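Chain by chain, the residues run as shown.
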Amino acid sequence: MSEKSNVWSGIKRLVVVFPYRSEENYKEYRSALDKSLNESNVVDLKLIVVIPKSVKKETLTQHRLIHFLSPNDINFFGKIKDENLTSILSQKYDTLLCLEIEDKKLVKVLSTLGDKCKIGVNTSFDFFTIQIDSNSNNPFEIINFAKNTLEKIS
């Protein structure tokens, strides 16, 4: 039996970008991503959490897969100041999954990535290969909606 190929099952190297709105929202995103990605073919994952200027990176729990990005980390010329994050973003990934990101400077930085497929969920920018809108702002529902939609696209 051959399994039908779809966008979701074809993702091996993935960068997920999502906003930090509160500690609870952040934990919901992490939990939803953990559940969905455990059922995927992803072998290399990086999470980029966009934090507001008011949140200090140092106060957040560090993890090797999670990188925090603040508007303060992007200089006047649109370059990321954090060398570690610049190194991560310079690598090639199959897919960029951008969830609810509305920061124009950040999206401009992400648009230069060499990803084969750029997916935007609940975002208004038009540089994404696939752009979908969920009627929810609940992280579990957004992740499930994105996963289910990508499973339908071959």
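For clarity, every value in this text was computed on a predicted model and none was experimentally measured.

(A) Representation of unusual backbone geometry in the model. Positive phi values are uncommon outside glycine, yet Glu100 reaches one of about 55°. Inspection of the secondary structure assignment puts Glu100 in the loop between strand S4 (95–99) and helix H3 (104–110). Even without being a glycine, Asn122 presents a positive backbone phi close to 55°. In this structure, Asn122 sits in the loop between strand S5 (117–121) and strand S6 (130–132).

(B) Geometry of the environment of Ser154. Considering the arrangement of structural elements, one finds Ser154 in the segment after helix H4 (139–152). Exposure remark for Ser154: the relative accessible area of 75% places this residue in the exposed category. As for Ser154 and Phe125, which are separated by 29 residues in sequence, their C-alpha atoms are 23 Å apart. If sequence neighbours within four positions are ignored, Ser154 has contacts with Ser5 and Asn6.

(C) Geometry of the nonpolar core. Ranked by size, the top nonpolar core spans 32 residues in total, and within it Leu14, Val16, Phe18, Val49, Leu99, Ile119 and Val121 carry the most contacts. The biggest single contributor to this core is helix H1 (residues 23–38), with 5 residues. Apart from the residues lying within four places of it in its own chain, the contact partners of Phe18 are Tyr26, Tyr29, Leu33, Leu47, Ile48, Val49, Val50, Leu99 and Ile101.

(D) Region of interest: the packing of aromatic side chains. Counted under the stated rule, the structure contains 6 aromatic pairs. Look at Tyr26 and Phe68: their rings are 6.0 Å apart centre to centre, the planes differ by 50°, and that puts the pair in the tilted class. Taken together, the residues span a long stretch of sequence, with Tyr26 in helix H1 and Phe68 in strand S3 (residues 66–69) at a distance of 42 residues. For the pair shown, Tyr26 and Phe68 are each scored as buried. Geometrically, the ring pair formed by Phe127 and Phe128 is tilted, given 4.4 Å between the ring centres and 35° between the ring planes.

(E) Geometry of H4. Between its first and last C-alpha atoms H4 spans 20 Å; for 14 residues at 1.5 Å apiece the expected length is 20 Å, and the two agree. Along H4, the positions that sit buried rather than exposed are Pro139, Ile142, Ile143, Ala146, Lys147, Thr149 and Leu150. Down the axis of H4, the smallest arc covering the buried residues is 165°, so these residues share one side. Where H4 begins, the capping side chain belongs to Asn138, and its oxygen is found 2.8 Å from the backbone nitrogen of Phe140.

Here is what the cut-offs are and how they apply
Residues numbered from 1 in each chain as written. Predicted model: local features only at pLDDT ≥ 70, side-chain atom pairs only at ≥ 80, totals over all residues. Heavy atoms only, no water. Helix = DSSP H or I, 4+ residues; strand = E, 2+ residues; numbered from the N terminus. Buried < 20%, exposed > 50% of the residue type's maximum accessible area, 1.4 Å probe, protein only. Contact = heavy atoms within 4.5 Å. Core = buried A, V, L, I, M, F, W, Y, C linked by side-chain atoms within 4.5 Å. Phe/Tyr/Trp six-rings, centres within 6.5 Å; stacked < 30°, edge-to-face > 60°. Expected span 1.5 Å × (residues − 1). Arc of directions from axis to C-beta. Polar contact = N/O pair within 3.5 Å; in protein donor to acceptor, adjacent residues only side chain to side chain.

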